[in-house]
Amino acid sequence: MADETQEAGGIDFPFPFTPYAIQKDFMAALYQVLEAGKIGIFESPTGTGKSLSLICGALSWLRDFEQKKRQEEERLLEAGAPTSSDGLAPALGLPSSCRGSPGTPEATGEPDWITQFVQKKEERDLVDRLKEEQVRRKKREERLQQIRHNAKLRFAAKRMRQEDEETERLLRLSSEMLAAGTEPEQVASGEEELVLAEYESDEEKGVPSGVDVDEDDLDEEHVMKNLCVNGDVRKLGSVQLINDRCVEMQRSKHERKSITEEEEPTRRRQRQEPRATCPFYSHERLQLLRDEVLAGVKDVEQLVALGKEARACPYYGGRFAIPAAQLVVLPYQMLLHAPTRQAAGIRLQGQVVVIDEAHNLIDTITNIHSMEVRGSQLCQAHSQLLQYTERYGKRLKAKNLMYIKQLLYLLEKFVAVLGGNIKQNPNTQTLSQAGTELKTINDFLFQSEIDNINLFKVRRYCEKSKISRKLLGFTERYGAVLVPSMEQPKLSGFQDFLQSLQPGATAAPATPAEVEEDRSPPPASPLMHVEGFLEALTTANQDGRVILSRQGSLSQSSLKFLLLNPAVHFTQVVKECRAVIIAGGTMQPVSDFREQLLVGAGVEAERVVEFSCGHVIPPDHILPLIICSGPSNQMLDFTYQKRGLPQMMDETGRILCNLCNVVPGGVVCFFPSYEYQQQVCAHWEKSGLLARLTIRKRIFQEPRKANRVEQVLLEYSRCIKHCGQARGTETGALLLSVVGGKMSEGINFSDNLGRCVVMVGMPYPNIMSPELQEKMAYLDQTLPRAPGQGRPGKALVENLCMKAVNQSIGRAIRHQKDFASIVLLDQRYASPAIQAKLPAWIRDRVEVKATFGPAFAALRKFHREKAGLS
């Protein structure tokens, strides 16, 4: 497939093949939204090439924008004075005084000659900046061209690698010789990195809050294990230990630069051995790796391979490439979580953000910023922090000890508010009260008696000191320590811990269960969960709630922060970015994005643009049916109160038996939950309906375990292929799946894999959930009630249900020649308000059948006519 240039809306779009008409419309609308700097909500059904349209449309705009920007730069440099007033002005860095038309009077109150002098100076400064930028860009482009077409640089990198390997070998030998003559100090070898450094808050340094002091302050908290190419560091195994060693090596490198000759002898006496720097963190080699990354598209595996070849850190090489990159692909969490975004060096100012597969965007933001901490984690964090203080307390400065005491106090109060005792084993503590209690943030702080503590300062301390990582490294070095049991003396747990530090101490043999448990990934530090909860408590009082869940024992109880207003964490994205695109295959109902996300983030209505297109299939390639009653005239009412009735489960089985008789290939049937699916299957097995179903279709069930999904899908696919070739009584397979499960998103049931999709009932969320009830109440209070519409809280429940339905039925119809029938089993689907929430390409063709006979006839006719296409 050779690249072709397609024109849509007067714009040329490079495309790998001839696009559909809706793809041209999609790219043209996308281009206009980016050009105007607006926020677009784009919906294009699954199977219509949405992602390719996004890529081609966005990159075409970027190509044209950069070309216009360079042309404007050249014009300004030739003229020597900026006069631009179009959308390129901010991108070029034009000062506000230069963006008006010539001769426009400035209402500054200053004399004309001062205004003219300031304006001339700004113009000269701008021209100088543009010249410098042109020189830098030209050098970078020449360097990238050399890398793409000239192997000399690769050979130079190889020679540099060989020289470094030899140098590293000699340094290692020297270190071993020096180590032979050292004497033991107070802290054991390797423990230096576990001790907290001296801490000063921003107020003590005289720096305004929120202002970064130094680029060195960007020590990473999210270094990925699979991106580290330092063999000595990778041998540590634990992600947290790798992170700690990485940060320690960087700090050591910066310290060496600042140490004077007079300070060096003192520093040698203070520590047992010099801390090594990472040989892969070299500025020169990182620049070479950065250029290699920018020279062409690289995935993670290629980035690691390049890092090994150039002896440069792939993580930092990739990060240093971000500012000069034209396209950066990153996961939701890195974009939507501000600390993670900042740690990765992602800056949003003036950028274009495209969020694909955004149907779960609101839930994703809510989940990222909601945090739960269990009673066992609170007790474990308290115990570990006490033991850390006992071990290193004499080496810690006063500020560190003060904040550690505050953390210990907070942990004690969190356990107390649940009804427990921090000094006792959480597994054996039975709480006097049970149930769920919901509090506002302020009420929780007062009830916990922590309203006098500045949580912002505590959170800042945790972030800067990295105490949770130090604590995790401490516990991983010496093993996890539980709190003392109720029967033991107060300090017996710590005394046992100290004994384990003695040379020659041996642990008891591990049981098989313990061995199996050791094979699983080590859990994150309990203090990290507490830090996340503390950060959540700094949210504005009206934007969140705290849920106290008391479940018998303290270890099973928990404190959970529930984010009610996801817009607070999306505000920075929409305010700083030039344009934001929110795209997906099933975005209906769009009102949720407007009301819960954009309006709350301060986005004006005129800045929001909506685009929705139909499917690429012909109208007669889809048959969506709403069936209100079954073969025995049993009304289909799958409400929670009635769906478990024997007659309802029998009628469902009879409907599927009829469908399997006329539908070739695969039938995918979605149930509201795993529990209901198992209940129905058990009933069918007793009644004999399951045996009747297996005459025509082999039955597969969606597994609960994710690692078995691929195997089930493979067997399902093989069965359908075999039945299509054998032409026997068994015509395919029936896959029983669950809405919101592993097979309701991201799975491709194209062609014979999904000739019919059946939705049993309506998957409403649990209306009795305290979280959902609070969210409904919050929306009722904050969102206006539209004329003729119900309460916003009730609309939320319906929207959550229909989004799940739309996502599930979108698994079928994956290309232009595909065809399928869609069957919705529940009389409630016949409501016009519910149908309005279906995707337009289904809503416009859906048929409501009050009885089963006409529905069955339509299905039989549809699949007989389409039999020659499969």
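Look up: the structure comes first, before these words.
Presented here is a report on the structure given in the accompanying data block. Computed from a prediction, not measured in an experiment: that's the story for all the values here.

1. A word on the overall build of the protein chain
Scanning the protein chain for helices and strands turns up 34 helices and 17 strands. Within the protein chain, the fraction of its 870 residues that count as buried is 47%. In the protein chain, the proportion of contacts linking residues at least 24 apart, taken out of those at least 6 apart, comes to 78%.

2. Re the sheet that holds strand β5 (residues 371-374)
The antiparallel open sheet is built from four strands, whose spatial order is β5-β8-β7-β6. A single partner strand is all that each edge strand has here, and the edge strands are β5 and β6 (435-440). Sheet twist, expressed as the mean angle between neighbouring strand axes with direction ignored, is 15°. With six bridges joining them, β6 and strand β7 (residues 544-551) adopt antiparallel strand pairing. Bridge pairing in β7 places Thr440 opposite Arg545.

3. A few points about the sheet that holds strand β12 (residues 665-671)
The seven strands are arranged β13-β14-β12-β15-β16-β11-β17 in an open sheet whose pairing can be described as parallel. On the outer flanks of this sheet lie β13 (697-701) and β17 (847-849), each paired with one strand and no other. Direction aside, neighbouring strands of the sheet carry axes that sit 20° apart on average. Each of β12, β13, β14 (732-738), β15 (756-760) and β16 (820-825) is contacted by helix α26 (residues 646-662), which is oriented at about 175° to β15, the strand it contacts most. Here helix α27 (residues 674-687) sits on the sheet and contacts β12, β13, β14 and β15; the angle it forms with β14, its principal contact strand, is near 135°.

4. Focus on the packing of helix α17 (residues 398-418) against helix α23 (residues 526-537)
The N-to-C vectors of α17 and α23 enclose an angle of 85°; their axes lie 12 Å apart at closest approach. Comparing their axes, α23 and α17 come out roughly perpendicular. Counting all contacts with α17, which are made through Leu407, Leu410, Leu411 and Phe414, the residues of α23 involved are Val530, Phe533, Leu534 and Leu537. Looking at the contact of α17 with α23 residue by residue, the class counts come to eight nonpolar, no polar and no charged.

5. Here we look at the side chain of Lys803
Mapped onto the fold, Lys803 is located in helix α31 (residues 792-809). Taking the relative accessible area as the measure of exposure, Lys803 reaches 16% and is therefore buried. Not counting the four nearest positions on each side in its chain, Lys803 is found in contact with His359, Gln588, Pro589, Asp592 and Phe593.

6. A word on a nonpolar patch on the surface
A cluster of nonpolar side chains, contributed by Ile55, Leu59, Leu327 and Val329, occupies part of the molecular surface with about 400 Å² of accessible area. Tracing the sequence through the fold places Leu59 in helix α2 (residues 50-79).

7. Topic: the pattern of salt bridges
When their charged atoms lie close together, side chains carrying opposite charge are able to pair. The final tally for this structure, using the stated rule, is 21 salt bridges. The residue Lys560 makes a salt bridge to Glu771 at a minimum N-O spacing of 3.4 Å. Of the two residues, Lys560 sits in strand β8 (residues 553-563) while Glu771 sits in helix α30 (residues 770-782), which places them 211 residues apart along the sequence. Relative accessible area serves as the criterion here: at 22%, Lys560 is assigned to the partly exposed category. In this structure Glu771 comes out as partly exposed when scored by relative accessible area, which is 24%. Three or more residues are tied together by salt bridges with common partners; here these are Lys50, Asp356 and Glu357.

Scoring rules and cut-offs
- Residues numbered from 1 in each chain as written.
- Predicted model: local features only at pLDDT ≥ 70, side-chain atom pairs only at ≥ 80, totals over all residues.
- Heavy atoms only, no water.
- Helix = DSSP H or I, 4+ residues; strand = E, 2+ residues; numbered from the N terminus.
- Buried < 20%, exposed > 50% of the residue type's maximum accessible area, 1.4 Å probe, protein only.
- Contact = heavy atoms within 4.5 Å.
- Pairing = 2+ DSSP bridges.
- Axes fitted to C-alpha atoms, helices over the stretch in contact; angles between N-to-C directions.
- Parallel < 35°, antiparallel > 145°, perpendicular 65-115°, else oblique.
- Nonpolar A, V, L, I, M, F, W, Y, C, P; charged D, E, K, R; others polar.
- Patch = residues over 30% accessible without salt bridge, like charges linked within 9 Å, V, L, I, M, F, W, Y side chains within 5 Å.
- Areas by Shrake-Rupley, 256 points an atom, 1.4 Å probe, with all protein chains shown as cover.
- Salt bridge = Lys/Arg side-chain N within 4 Å of Asp/Glu carboxyl O.

As far as function goes, none of this settles anything; it's purely spatial.
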